[in-house]
Amino acid sequence: MTDFAERVERHRGELRVHCYRMLGSFDEAEDLVQEVFLRAWRGRDGFEGRSSLRAWLYRIATNACLDYLDGRSRRTLPDQADSPAGPWLQPFPGHLWEPVAPSADDPEAAVVAKETLELAFLAAIQYLPPRQRAATILCDVLGWPVRQTAEALDGSVASVNSALQRARATLRTHLPPDRSDWAPSPPPTDEDRKILRRYMSAVERGDLTEVAELLARDVRATMPPYPEWFADRDGVLAALATSWDPGSPHYIGTLRMLPASANGQLAAATYRCPPGGHAYVPFGIGVLRVRDGRITEIVAFHEPALFPSFNLPPTLDR
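Residues numbered from 1 in each chain as written. Predicted model: local features only at pLDDT ≥ 70, side-chain atom pairs only at ≥ 80, totals over all residues. Heavy atoms only, no water.

Novice: Just checking my understanding: could you explain the pairing of strand β5 (residues 279-291) for this structure?
Specialist: As a general feature of sheets, a regular strand has side chains that alternate between the two faces. With seven bridges connecting them, strand β4 (residues 265-273) and β5 associate as antiparallel partners. Bridging across to β5, Arg272 finds its partner in Val281. Between β4 and β5, which pair antiparallel in sequence order, lie five residues; one of them, Gly276, sits at a positive phi of approximately 85°. Direction of pairing for β5 relative to strand β7 (residues 316-317): antiparallel, over a ladder of two bridges. The partner of Ala279 across the bridge, within β7, is Asp317. Relative to strand β6 (residues 294-301), β5 is paired through seven bridges, and the arrangement is antiparallel. If you follow Ile285 over to β6, its bridge partner there is Phe301. The turn joining β5 and β6, which pair antiparallel and follow one another in sequence, is formed by two residues; a positive phi near 55° is taken by Asp292. (Pairing = 2+ DSSP bridges. Helix = DSSP H or I, 4+ residues; strand = E, 2+ residues; numbered from the N terminus.)

Written as structure tokens, this is what we have:
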């Protein structure tokens, strides 16, 4: 019993990532991993070793996610939403994600070059019906053979091939135009990190001129759970000017920022000290995309409850 639990626990991290890709929610992925372990424990006598333990757990996780998604709305970002009420995507803490690497006792867990958690991919894949989503993740992200994927989904090779064909066409429609299918972007460079530091400093100082220099003209900014979104630099700057103006009824107070990492992308955690406040409290986690020395996308998740998952402090002193 102890040996089984220990062997299963080794896969917690990658199963959490798999469930997150399927669901688009970090909180729900955490809950589903516990359900996966419970199903594995209950069905342990039926594990006959015809596949690896890892493949067996992925099959359980995939079907647990399909059961959970039955009848639920897809998660989106505000600029893609069917409803102003969401439900919204959530970010994934960078410190909890490590691309799968091979090990001596599980050689099939090869490094997969296309393994990605980038928000653009997560947002695009949510457009797929659940079974197409599962087939795409298993085949095109994790690199499973079609036959193995068909077995995991209790389907045929023909049905999986058909699902993949439809899913790939849908993804090409919803991925950014400068991306090739679902291949991940390269990791942030030192220059990208320099841009992030300049951005954080400018926000803390309330320096709109500096922020303007860092934003691309066609920058896109969303702020889930708020339904508003902005499609250009002028719109972003106008919103910031209002919220940073002490004379405005929409003034939010002063800000402090800490660097973070989410979904393999640069991120910054924002803390706010409201007017008359005595400490900086969690305000949002912004995930940034940088290209050619400019910030091209900001997704600011205003969910303070996510801060502990990112190992961020609960408050900052003035």
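Structure shown, so let's carry the discussion forward.
Novice: Can you walk me through the packing of helix α4 (residues 53-69) against helix α6 (residues 130-141) in this structure?
Specialist: Geometrically, a packed helix pair is captured by the angle between its two axes and the distance between the axes. Interaxial distance between α4 and α6 falls to 10 Å at its minimum, and their mutual angle equals 155°. By the criterion of interaxial angle, the relationship of α4 to α6 is roughly antiparallel. With respect to the hand of their crossing, α4 and α6 are arranged in right-handed fashion. Packed against α4, whose contacting residues are Thr62, Leu66 and Leu69, the element α6 presents Pro130, Arg131, Arg133, Ala134 and Leu138 at the interface. When the residues that make up the contact of α4 with α6 are grouped by side-chain class, the tally is five nonpolar, one polar and two charged. (Axes fitted to C-alpha atoms, helices over the stretch in contact; angles between N-to-C directions. Parallel < 35°, antiparallel > 145°, perpendicular 65-115°, else oblique. Left-handed = near helix turned anticlockwise from the far one by under 90°. Contact = heavy atoms within 4.5 Å. Nonpolar A, V, L, I, M, F, W, Y, C, P; charged D, E, K, R; others polar.)

Novice: Please clarify how the UniProt feature "domain: RNA polymerase sigma factor 70 region 4 type" (unreviewed entry) in the protein chain should be interpreted in this entry.
Specialist: In the numbering adopted here, UniProt assigns the feature "domain: RNA polymerase sigma factor 70 region 4 type" (unreviewed entry) to residues 120-171. Between the C-alpha atoms that bound residues 120-171 there is a distance of 10 Å. The span itself is 77% helix and 0% strand. (UniProt positions renumbered as here; feature names shortened; annotations may be inferred.)

Novice: Can you help me understand the UniProt feature "domain: SnoaL-like" (unreviewed entry) in the protein chain in this one?
Specialist: Per the UniProt record, "domain: SnoaL-like" (unreviewed entry) is found at residues 196-298. Span residues 196-298 is 27% helix and 49% strand, its end C-alpha atoms 11 Å apart.

Novice: Got a minute to help me understand the side chain of Ser25 in this structure?
Specialist: Relative to the helices and strands, Ser25 resides in the loop between α2 (12-23) and α3 (26-42). Non-local contacts of Ser25, meaning those with residues more than four positions away in its chain, are made with Tyr20, Arg75 and Gln90.

Novice: I keep staring at the domain arrangement of the protein chain and nothing clicks. Help me out?
Specialist: The parts lose accessible area when they come together, and the size of an interface is often stated as this lost area. Each assigned domain of the protein chain is listed here: domain 1 (1-182) and domain 2 (190-310). A separation of 30 Å is found between the C-alpha centroids of domain 1 and domain 2. Taken together, the contact between domain 1 and domain 2 spans 23 residues of the former and 23 residues of the latter. With both sides pooled, the region where domain 1 packs onto domain 2 buries about 1900 Å², and carbon together with sulfur makes up 60% of that total. Of all residues in domain 1, the largest losses of buried area upon contact with domain 2 belong to Pro78, Asp79 and Pro91, amounting jointly to 29% of the total for that side. Counting every contact that joins domain 1 to domain 2 gives two salt bridges. The salt bridge partner of Glu118 is Arg289, with a shortest N-O separation of 3.9 Å. Counting the contacts that link domain 1 with domain 2 gives nine residue pairs in polar contact (both at pLDDT 80 or more). When grouped by side-chain class, the residues that make up the side of domain 1 that touches domain 2 number 15 nonpolar, three polar and five charged. (Domains from an automatic or database assignment. Buried area = accessible area lost by both parts, 1.4 Å probe. Salt bridge = Lys/Arg side-chain N within 4 Å of Asp/Glu carboxyl O. Polar contact = N/O pair within 3.5 Å; in protein donor to acceptor, adjacent residues only side chain to side chain.)

Novice: Explain helix α9 (residues 190-205) here, please?
Specialist: Each α-helix winds once per 3.6 residues, and so residues spaced three or four apart point in a common direction. If you check α9, its first and last C-alpha atoms are 23 Å apart, about what 16 residues at 1.5 Å a residue would give, namely 22 Å. Inspection of α9 places Asp192, Ile195, Leu196, Tyr199, Met200, Ala202 and Val203 among the buried residues, and these make up the whole buried set. The buried residues of α9 occupy an angular sector of 165° when projected down its axis, which confines them to one face. Exposed residues pointing more than 90 degrees away from the buried face of α9 are listed as Asp190 and Arg197. Two residues or fewer past α9, Gly206 is found with a positive phi of approximately 70°. (Expected span 1.5 Å × (residues − 1). Buried < 20%, exposed > 50% of the residue type's maximum accessible area, 1.4 Å probe, protein only. Arc of directions from axis to C-beta.)

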